[in-house]
Amino acid sequence: MKKIDMHGHLGYWAFAIPNCGTAESLVHLCERYDIEHVAASSTQALTYDMRAGNEEMAEAAREHEPLLMYVYCNANWLAESCEEMDTYLAEEFGVGVKIHCGYSGVSSSDPRMYDLMAEIARRTSLVKIHPGAAEDLATWARSYPDLNIIIAHAFATNYPAAVDLAAAHPNIYLDFCCSHASRGKVAYTVERIGTAQIVFGSDMDLIDPAFVLGMFEEADLTDEQKRAVYHDNGARLLGLAQSLAERRTQG
Amino acid sequence: MVTSFGWDRNRPTDWGLDELLQVLDRHGVERAYTHSLRAVQYAGPEGNDETLRACAEHGVLAPVAVLDPRRFFDCREEARRRFEQGFRVFRFFPDVQGWSVDALPFRKICETLAELGARVIIPAGPSGQPTRIAELLTDLDLRVLLIGGSYGSLGEILAVLEEFPSVYSDGHMMDSPFAIEAIVQFSGDHRAIFGSDSPMRSFESPLLMAEHAEISDEQRRRYLRDNALAFVGEGA
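Residues numbered from 1 in each chain as written. Chains lettered and ligands numbered in written order. Predicted model: local features only at pLDDT ≥ 70, side-chain atom pairs only at ≥ 80, totals over all residues. Heavy atoms only, no water.

Chemist: Sorry, what's going on with the packing of aromatic side chains here?
Modeler: Two aromatic rings, taken as a pair, are described by how far apart their centres are and by the angle between their planes. For the structure on display, the rule yields 13 aromatic pairs over all chains. Ring geometry for F176(A) versus F216(A): centroids 6.2 Å apart, planes at 70°, classification edge-to-face. Residue F176(A) is located in the loop between β7 (172-174) and α9 (185-193), and its partner F216(A) is located in helix α10 (residues 209-217); the two are separated by 40 residues in the primary sequence. For the pair F176(A) and F216(A), one class covers both residues: buried. Considering the side-chain rings of F194(B) and Y223(B), the 6.1 Å spacing of their centres and the 90° angle between planes classify their relative orientation as edge-to-face. Taken together, the residues F194(B) in the loop between β9 (192-193) and α10 (204-212) and Y223(B) in helix α11 (residues 217-231) connect sequence positions 29 residues apart. For the pair shown, F194(B) and Y223(B) are each scored as buried. It is R32(A) that lies over the ring of F178(B); its NZ or CZ is 5.4 Å from the centre. Sitting over the face of the ring of F83(B), R88(B) holds its NZ or CZ atom 3.8 Å from the ring centroid. (Phe/Tyr/Trp six-rings, centres within 6.5 Å; stacked < 30°, edge-to-face > 60°. Helix = DSSP H or I, 4+ residues; strand = E, 2+ residues; numbered from the N terminus. Buried < 20%, exposed > 50% of the residue type's maximum accessible area, 1.4 Å probe, protein only. Lys NZ or Arg CZ within 6 Å of the ring centre and 35° of its normal.)

Here it is as structure tokens:
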């Protein structure tokens, strides 16, 4: 089944992950798991140099069709983040924004993060955040109804709180990539909110997509539910739904 | 090599024996080494009795005894008694139970387990712990399976596998690309062992990792089955 991966990264991690860290390694994983597109942010941008990392990500996305770009924004540098968004969201491959409270050292409750989120909402309809406090996510979901917010990792082992948020806000989406593959996590979520607000995100190439796919495969989803999660929900958020429909008509 | 059954006190779920058996049946598991969570969270001997009963009733289950070095006074006696009852694998929980592998009771219990010819399962744990465990037990004739290593500890585990031939690694949390390939390679094909941590965690996640790993079919068979049998002293 075709997939769209809403959580990827380009670049190296400080761990023993052989054969990874490059655009080619992401494409290799896309081919291995039938992933049409992976929306990715730069690890260099997250962990060190926002501008150099975004530039590297853009270059990779230009050269490799499966790769789409989240522009990484850092609330410590609001003006520069706005410039980065204006540069890369104008590109066809620029599909949204990634923010990371941990790596930037700016919590979601910090006024600087609120300022950044306002700028993001002016420029795009998609942001992925890792991690964030439930009350801030709820505030943003209410304040910016046209902004779709993906909660990366769905709060990991505290996923019931993420499910509650999604149940209350139709513009909150969950991805479940996590080293702790809790059994029952997906089934619990589908029972509470259905599949419309679940996207497939792998965290490649920090995490192998197989590990995350296993959680979904274990959940006894119907083919229709799997198609929604693996592909169609992501396609809708990325604005690929129309081209998807066209391809099906053609097929 | 890594399953359990019982209550998870931290969430409203029942990971009971039926749940475990259902997962094993669904995936056609030939044998699962398991223990009662009662032995981890409450009382080792009572929990080990429960494990023994479950394994006697269900042929797919093989018993793992839990020893808690915090109650050192009877642990070596408990180890001998369980070995006589057929337990060959003994598992430790320094993370959940809050004790250090540097505590002398752990070493003394392991000396007894080595005398018995038993096997040990223990979490890879935080940075430094895989190395510490390997160094601490290297003079004993004792096979040790490190479990729960992930991308954060993989580098250290690979170094330990390369250096210490009595150390094995499981793959239930080896979630990064090429992690399975790496532990297979650094363990010389024979000391990488499949685990799932069922029923608490997804069986499919580590299974799909194994199925997609870029290793030979022979290496995959060893990883999924043969290496576990060799670890406990059966087969090759």
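Chemist: Explanation requested: the interface of chain A and chain B in the structure shown.
Modeler: Interface size is commonly expressed as the accessible area that is lost once the parts come together. Counting residues at the interface gives 30 residues for chain A, matched by 31 residues for chain B. Overall, the association of chain A and chain B removes approximately 2,500 Å² of surface from exposure, summing both partners, and the carbon and sulfur fraction of that is 57%. Considering only the surface of chain A that becomes buried against chain B, R183(A), F211(A) and E218(A) emerge as the three largest contributors, covering 28% of it. For R32(A), the salt bridge is made with E214(B), and the minimal N-O distance between the two is 2.7 Å. (Contact = heavy atoms within 4.5 Å. Buried area = accessible area lost by both parts, 1.4 Å probe. Salt bridge = Lys/Arg side-chain N within 4 Å of Asp/Glu carboxyl O.)

Chemist: For this particular structure, what's the right way to read the pattern of salt bridges?
Modeler: Oppositely charged side chains are able to pair whenever their charged atoms sit close together. Residue and element names in this part refer to chain B. One pass over the full model with this rule turns up 34 salt bridges over all chains. When the shortest N-O distance is used, the salt bridge between D49 and R82 registers 2.9 Å. Remark: R82 occurs in helix α4 (residues 75-84) and D49 occurs in helix α3 (residues 44-57); sequence separation between them is 33 residues. In this structure, R82 engages E78 in a salt bridge whose closest nitrogen and oxygen atoms are separated by 2.7 Å. Of this pair, R82 and E78 both sit in helix α4, 4 residues apart, which is roughly one turn of that helix. What you see here is one network of salt bridges that share partners, running through E30, D189, E218, R221, R222, R225 and D226.

Chemist: Would you take a moment to explain the sheet that holds strand β4 (residues 94-100) of chain A for this structure?
Modeler: Strand pairing in a sheet relies on backbone hydrogen bonds. The paired strands run either parallel or antiparallel. Residue and element names in this part refer to chain A. Pairing in this open sheet of 7 strands is parallel, and the strands run β1-β2-β3-β4-β5-β6-β7 from one edge to the other. Two strands in the sheet have a free side with no partner beyond their single neighbour: β1 (3-10) and β7. On average, each strand axis in the sheet is tilted by 30° relative to the strand beside it, whichever way the strands run. Sitting on the sheet, helix α8 (residues 159-168) touches β6 (148-151) and β7, and the angle it makes with β7 is about 145°. (Pairing = 2+ DSSP bridges. Axes fitted to C-alpha atoms, helices over the stretch in contact; angles between N-to-C directions.)

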